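# A look at the structure
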Amino acid sequence: MATGAQWVLTATGRSPTNIAVIKYWGKRDDALILPVNDSISVTLDPDHLSATTTVAASPAFPSDRMWLNGKEIALSGGRFQSCLREIRKRARDVEDEKRGIKIKKEDWEKLHVHIASYNNFPTAAGLASSAAGFACLVFTLGKLMNVNEDYGELSSIARQGSGSACRSTYGGFVKWCMGKNDDGSDSMAVQLVDESHWDDLVIIIAVVSSKQKETSSTSGMRDTVETSPLLQYRAQTVVPGRILKMEEAIKNRDFESFARLTCVDSNQFHAVCLDTSPPIFYMNDTSHRIISLVEKWNHSEGTPHVAYTFDAGPNAVLIARNRKTDTLLLQRLLYCFPPQENDLDSYMVGDKSILSGAGVQSIADIEALPPPPEMKTPNQKFKGDVSYFICSRPGAGPKVLTEESHTLIDSATGLAKGV
Ligand SMILES: Nc1ncnc2c1ncn2[C@@H]1O[C@H](COP(=O)(O)OP(=O)(O)OP(=O)(O)O)[C@@H](O)[C@H]1O
Ligand SMILES: C[C@@](O)(CCOP(=O)(O)OP(=O)(O)O)CC(=O)O
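Residues numbered from 1 in each chain as written. Chains lettered and ligands numbered in written order. Predicted model: local features only at pLDDT ≥ 70, side-chain atom pairs only at ≥ 80, totals over all residues. Heavy atoms only, no water.

## Details of the overall build of the chain
- A tally of regular secondary structure across the chain gives 11 helices and 19 strands.
- Relative to the globule expectation of 22 Å for 419 residues, the C-alpha radius of gyration of the chain, 22 Å, shows essentially globular dimensions.
- C-alpha extents for the chain along the principal axes are approximately 75 × 50 × 40 Å.
- Going through the 419 residues of the chain one by one, you find that 55% of them count as buried.
- A sequence separation of at least 24 residues applies to 75% of the contacts in the chain between residues at least 6 apart. (Helix = DSSP H or I, 4+ residues; strand = E, 2+ residues; numbered from the N terminus. Rg over C-alpha atoms; globule rule 2.2 N^0.38 Å. Buried < 20%, exposed > 50% of the residue type's maximum accessible area, 1.4 Å probe, protein only. Contact = heavy atoms within 4.5 Å.)

## So, the site of ligand 2
- Taken together, 18 residues lie near ligand 2, and Tyr 24, Lys 27, Arg 79, Ser 162 and Ser 164 sit nearest.
- A distance of 2.7 Å separates an oxygen atom of ligand 2 from a polar atom in the side chain of Ser 162.
- Its free accessible area being 460 Å², ligand 2 has 95% of it covered by the protein chains.
- For the shell around ligand 2, the leading source of residues is helix H4 (residues 217-227), giving three residues. (Near = heavy atom within 4 Å. Polar contact = N/O pair within 3.5 Å; in protein donor to acceptor, adjacent residues only side chain to side chain. Areas by Shrake-Rupley, 256 points an atom, 1.4 Å probe, with all protein chains shown as cover.)

## Considering the pairing of strand E11 (residues 112-119)
- For E11, the buried fraction is high: six of the eight residues fall into the buried class.
- Pairing between strand E6 (residues 50-58) and E11: eight bridges, direction antiparallel. Following the sheet pairing, Thr 52 is matched in E11 by Tyr 118.
- Pairing of strand E7 (residues 65-68) with E11, which is carried by four bridges, proceeds in the parallel orientation. Opposite Leu 68, over in E11, you have Ser 117 as the bridge partner. (Pairing = 2+ DSSP bridges.)

## A few points about the side chain of Lys 175
- Locating Lys 175 in the fold gives a position in strand E12 (residues 173-177).
- At a separation of 2.9 Å, a polar atom in the side chain of Lys 175 contacts the side chain of Glu 247.
- Among all residues touching Lys 175, those that are not within four sequence positions of it are Asp 38, Ser 39, Ile 40, Met 188, Ala 189, Val 190, Leu 192, Ile 243 and Glu 247.

## A look at the side chain of Arg 14
- Considering the arrangement of structural elements, one finds Arg 14 in strand E1 (residues 9-16).
- Within the local environment of Arg 14, its side chain forms a polar contact with the side chain of Asp 47, the two groups lying 3.3 Å apart.
- Contacts of Arg 14, omitting those with residues within four sequence positions, involve Pro 46, Asp 47, Ser 50, Ala 51, Thr 52, Cys 136, Gly 397, Pro 398, Lys 399 and Leu 401.

## Observations concerning the domain arrangement of the chain
- Partitioning the chain into domains gives domain 1 (9-194 + 402-406) and domain 2 (202-392).
- Using only C-alpha atoms to locate each centre, domain 1 and domain 2 end up separated by 28 Å.
- Regarding the contact of domain 1 and domain 2, the summed buried area is about 3100 Å², with carbon and sulfur atoms giving 70% of it.
- The largest contributions to the domain 1 side of the interface with domain 2 come from Ile 22, Lys 23 and Trp 25, which together make up 27% of the buried area.
- Counting every contact that joins domain 1 to domain 2 gives three salt bridges.
- Close ionic contact of Asp 30 with Arg 222 constitutes a salt bridge, the shortest N to O distance being 3.2 Å. (Domains from an automatic or database assignment. Buried area = accessible area lost by both parts, 1.4 Å probe. Salt bridge = Lys/Arg side-chain N within 4 Å of Asp/Glu carboxyl O.)

## A closer look at the pairing of E7
- In the sheet, E7 pairs with strand E8 (residues 71-73) via three bridges, with the strands oriented antiparallel. Residue Trp 67 lies in a different strand from E8, and its bridge partner there is Glu 72.

## Quick word on the packing of helix H1 (residues 78-89) against helix H2 (residues 129-144)
- Running from amino to carboxyl end, H1 crosses H2 at an angle of 25°, the nearest separation of the two axes being 10 Å. The pairing of H1 with H2 is recorded here as roughly parallel in orientation. Seen from above, H1 lies across H2 with right-handed handedness. Residues Arg 79, Phe 80, Cys 83, Leu 84 and Ile 87 of H1 pack against Phe 134, Leu 137, Val 138, Leu 141 and Gly 142 of H2.
- Here the contact of H1 with H2 is built from residues that sort into eight nonpolar, one polar and one charged. (Axes fitted to C-alpha atoms, helices over the stretch in contact; angles between N-to-C directions. Parallel < 35°, antiparallel > 145°, perpendicular 65-115°, else oblique. Left-handed = near helix turned anticlockwise from the far one by under 90°. Nonpolar A, V, L, I, M, F, W, Y, C, P; charged D, E, K, R; others polar.)

## Description of the sheet that holds E8
- Strand order in the open sheet formed by six strands is E8-E7-E11-E6-E1-E19, with mixed pairing between adjacent strands. Bordering the open sheet on either side are E8 and strand E19 (399-400), each of which pairs with just one other strand.
- Pairing geometry for E1 and E6, over eight bridges, is antiparallel. In the sheet register, Thr 12 faces E6, and the bridge partner there is Thr 54.

## Things to note about the UniProt feature "domain: Diphosphomevalonate decarboxylase-like N-terminal" (unreviewed entry) in the chain
- In the numbering used here, UniProt assigns the "domain: Diphosphomevalonate decarboxylase-like N-terminal" (unreviewed entry) feature to residues 16-189.
- Measuring from the first to the last C-alpha atom of residues 16-189 gives 15 Å, for a span that is 21% helix and 30% strand. (UniProt positions renumbered as here; feature names shortened; annotations may be inferred.)

So, in structure tokens, the structure goes:
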């Protein structure tokens, strides 16, 4: 290793979050994060929901450190340590000829890292920040340390940070194969299709609460495994069949089947939460209202137009068949959940073109929306019950960011910028 010169070597990456359409809930091994069933997710466009992470190494760093959203956090937790250990094990020689830096494979065990990460959406609010975060950490450390680009293996390391993170290693639709081995070596994600396969889907997230939730996924699913008889039935009998049908639906872009499976699986996941002792309630009245709105509409059309799914929180993830359906969905959502403030710009974030497609340019346009025809009791408006909406679509997997402006660590000081 070149010594003396106090160089700082950095790499920056960005990873998307993902939303499961067949849910992961329950572990058969808590330490290795091995699930009780396979799961399938859709990766979201990183422009709207992603983590950006810069990792830096320098002989001047006396210890490993991390900053999340500008605040220093402890790296001592087992999950961060597992990811760091597994990546360091696979590190290879790195050479930067221009700067005269030469790091041998074995040097990485002694070199400390600084990590700075930023999420462009709320952290720990049921929007899978841990998925984007750990996928990004593993991907970016892999780049810094010149780890072999075996995405299956990287996904298996990200899994040890947070189970759902393994699915954020790829874009498009992704399956986490639970695996059989006790050491977890075959528990990894595979890409089913990339993001271009089904690119007319539109995804709208209704952020019902961006506050940190009461029961984390980790402790919630531990309680479920210990107490819910329904979980065994779900994992062993129901999910295997659903996985096959979901793979088929995705391959054939069969929206009807996709939507039905997505909704029933979300509902069964929440049923399993209710079957836990003490019961876990992730959804609230607003979540239930959104389910009812979609169910009534789908029923009136005779075939599903929109799928809904809810993770470990009250936020609704709505998947519309295409832009046309999405316009109708947005009109319904905005009719029922008008903004509290007169600020449409911060009420609808993400892909704004979706909003203009819906013909909604102002608060007056929202007030003028007619009640949905299938609504039996019009004027059911719940102003302020949705904090804001995020418009997105299926997106790509992790990527390296090379522009200096994206770097979150100051290469002169080796510290997170702006802290
Ligand atoms: N960008 C990031 N980089 C590294 N770790 C992160 C990042 N963002 C979040 N995390 C980790 O994930 C934790 C939050 O995970 P948690 O499961 O509580 O919430 P969530 O992932 O937002 O919600 P859910 O998984 O239920 O959808 C944080 O405390 C932190 O340890
Ligand atoms: C409801 C879920 O979002 C649960 C995600 O759980 P996490 O991956 O956050 O849990 P840990 O593995 O303990 O970190 C469903 C899913 O993403 O499949």
